Amino acid sequence: MRTYKDLSPSLRTIMTPGPVEVDPRVLRAMSYPILGQFDPEFTELMNETMEMLRDVFQTNNQWAFPIDGTSRSGIEAVLVSIIEPGDKVLVPIYGRFGNLLVEIAERCGAEVAIIEQEWGAVFDPIDIITAIEREKPTIVAMVHGETSTGCIQKFDGIGAACREVDALLVVDAVATIGGVPVKTDEWLLDAVIGGTQKCLSVPSGMSPITYNDRIEAKVMRRKTIERGLREKGAPISSVKAVASNYFDLGMLQDYWSPKRLNHHTEATTMLYALREGLRIVLQEGLEERFSRHKRHEAALVAGLQAMGLTLYGDPLCKLPVVTCIRIPSGVDGEDVRSMLLNSFGIEIASSFGPLKGQIWRIGTMGFSCNQKNVLHVLGALEATLHWYGVDVSVGKALQAALAVYAHKREE
Ligand SMILES: *Cc1c(COP(=O)(O)O)cnc(C)c1O
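Counting restarts for each chain, with residues numbered from 1 along the sequence as it is written. This being a predicted model, a pLDDT of at least 70 is required before a residue's local features are given, and a value of 80 or more before pairs of side-chain atoms are given or counted; all residues contribute to the totals for chains, interfaces and linings. To obtain the side-chain values, all non-hydrogen atoms of the structure were included, while hydrogens and water were left out.

**Notes on the site of the ligand**
Right, so step 1: Only heavy atoms are used to decide nearness, and a residue is near a molecule or strand if one of them lies within 4 Å of it. Looking at the ligand, the residues that line it are Thr-70, Ser-71, Arg-72, Phe-97, Val-143, Gly-145, Thr-147, Asp-172, Val-174, Ala-175, Gln-197 and Lys-198.
Right, so step 2: Polar contact is the term for a pair of N or O atoms within 3.5 Å; when the atoms are in protein, one must be able to donate a hydrogen and the other to accept it, and sequence-neighboring residues count only if both atoms are side-chain atoms. In this structure, an oxygen atom belonging to the ligand sits 2.7 Å away from a side-chain N or O atom of Thr-70.
Right, so step 3: In this structure, Ser-71 approaches the ligand through a side-chain N or O atom, which is 2.9 Å from an oxygen atom.
Right, so step 4: Bound to the protein, the ligand loses 90% of the 380 Å² it would expose on its own. Surface exposure here means Shrake-Rupley accessible area, sampled with a 1.4 Å probe, where a residue is shielded only by the protein chains that are shown.

Right under this line is the structure:
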């Protein structure tokens, strides 16, 4: 029989836009014994997780719970549950994840209208509002922080414009939740989808979502139609029921409600992990956590610029938790990434689509977002570029970053 080596993953410094390093407290939480899904001890942990999610999403919504699956499972659950075939969905696209929203909405049978912004920039909210007034969509689906381009979209007036035409506003905040303010209620967001493996620093495998009664009303209406038609003996194909059992929010919320109607088997170990991750976020404090992300971003950017590197994207809409760097000419971006990984144990990200081979992306998210990692990646990148003969200012980057840290401490 073939034997397999002991599992011994390397200790990496992960500076990508996810997955990122996980706090040892979360890893420890994942090693506790399993509880049954209806054990009162476990349902209490589920309830506490819902409470903490409301705080992190900055909402009073009743519904805030994780979907089991990666972040796109949260996106699919919301979209498949509210899009009825033929509904018009408006998607403003300014990067790769806007296209994911289009792809999912189309599979749900939506009539999709898009507006596009050049990658590396975001929309003036006025342009989105104009499109909402013109298209009068049933749903507007958009991305808050685009990890593909390192840009963050402002929501000024967009929520109100949606209410004006009675559209539901669905926001992918996978990259931003826990690292950048996401004000669900204040911005009038109807459904928000978060991710675990980015700024929450929990392994990939769950997607926390929240939604309000406007979303719930649509979900409930579909449930009633479905039940009514079934009772009349109508074939299921004539019913605009939710086309997924696993992702049906109506069934999921019955499971997360005191009714505890059986649906799936909750992922015990991931729930422990998410609960601990959220506890860490709230113990740090949201405001402190957001300013920590800004502080390390400032140090990283100062270091990169002191080295002589150029950032990609409009600085006015830079996403604090992802920094995109133009790959200097004369060097292969993948050679640099390989050396960082193999000689320094550091992972940074490449890019896709039109940006493939053009930029690197460095994440400063959650547990990975700390002074040691920022200084480590700057030193390693400088040495690697110098090794490959790229003309960088040697000796400047770390000094610039250290100066940011010294200054921030004095503040
Ligand atoms: C990472 C990411 C996703 C997809 O997450 P998965 O966990 O890979 O499914 C979606 N949207 C945004 C903005 C992301 O950054």
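**Quick look at the pattern of salt bridges**
Right, so step 1: Salt bridge, as applied in this entry: a Lys or Arg side-chain nitrogen positioned within 4 Å of an Asp or Glu carboxyl oxygen. What the rule picks out here adds up to 18 salt bridges.
Right, so step 2: Between Arg-295 and Glu-288 there is a salt bridge, with the nearest N and O atoms lying 3.8 Å from each other.
Right, so step 3: Whether a residue is buried, partly exposed or exposed follows from its accessible area with a 1.4 Å probe, protein chains only, as a fraction of its type maximum: under 20%, in between, or over 50%, in that order. Residue class for Arg-295 comes out partly exposed when judged on its relative accessible area of 26%.
Right, so step 4: For the salt bridge of Glu-334 with Arg-337, the shortest nitrogen-to-oxygen distance reads 3.1 Å. On the criterion of helical spacing, the pair formed by Glu-334 and Arg-337 is a turn pair, its members being three residues apart in helix H11 (residues 333-344).
Right, so step 5: Residue Glu-334 is classed as partly exposed on the basis of its relative accessible area of 37%.
Right, so step 6: Each member of the salt-bridge network shares a partner with another, and the members are Glu-84, Asp-87, Lys-218 and Arg-221. Where helices and strands are cited, they refer to DSSP runs of H or I of at least four residues and of E of at least two residues respectively, numbered from the N terminus.

**Things to note about the domain arrangement of the protein chain**
Right, so step 1: Residue ranges labeled as domains rest on an automatic or database domain assignment. Looking at the protein chain, the domain boundaries give domain 1 (23-281) and domain 2 (285-410).
Right, so step 2: Spacing between the C-alpha centres of domain 1 and domain 2 amounts to 31 Å.
Right, so step 3: Accessible area that two parts lose when put together, with a 1.4 Å probe and added across both, is what the buried area reports. When domain 1 packs against domain 2, close to 2,100 Å² is buried across both sides, 66% of that on carbon and sulfur atoms.
Right, so step 4: There are zero salt bridges connecting domain 1 and domain 2.
Right, so step 5: Counting the contacts that link domain 1 with domain 2 gives ten residue pairs in polar contact (both at pLDDT 80 or more).
Right, so step 6: Those elements giving two or more residues to the side of domain 1 that touches domain 2 turn out to be helix H2 (40-56), strand S6 (145-146), strand S7 (151-152) and helix H9 (268-284).
Right, so step 7: Gly is placed with the polar residues, together with every amino acid not listed as nonpolar (Ala, Val, Leu, Ile, Met, Phe, Trp, Tyr, Cys and Pro) or charged (Asp, Glu, Lys and Arg). Of the residues that constitute the side of domain 1 that touches domain 2, the class distribution is 14 nonpolar, eleven polar and five charged.

**Focus: the nonpolar core**
Right, so step 1: By size, the foremost hydrophobic cluster in this structure holds 91 residues, and its most contacted members are Phe-65, Ile-82, Ile-83, Ile-158, Val-170 and Leu-249.
Right, so step 2: In terms of residues, this core owes the most to one element, H9, which gives eight residues.
Right, so step 3: For this core, the two domains that each supply at least three residues are domain 1 (23-281) and domain 2 (285-410).
Right, so step 4: Setting aside residues no more than four positions away along its own chain, Val-170 makes contact with Val-78, Leu-79, Ile-82, Ile-139, Val-140, Ala-141, Met-142, Ala-191 and Ile-193. Grouping buried Ala, Val, Leu, Ile, Met, Phe, Trp, Tyr and Cys residues that are joined through side-chain atoms within 4.5 Å yields what is termed a nonpolar core. Contacts: residue pairs with any heavy atoms within 4.5 Å of one another.

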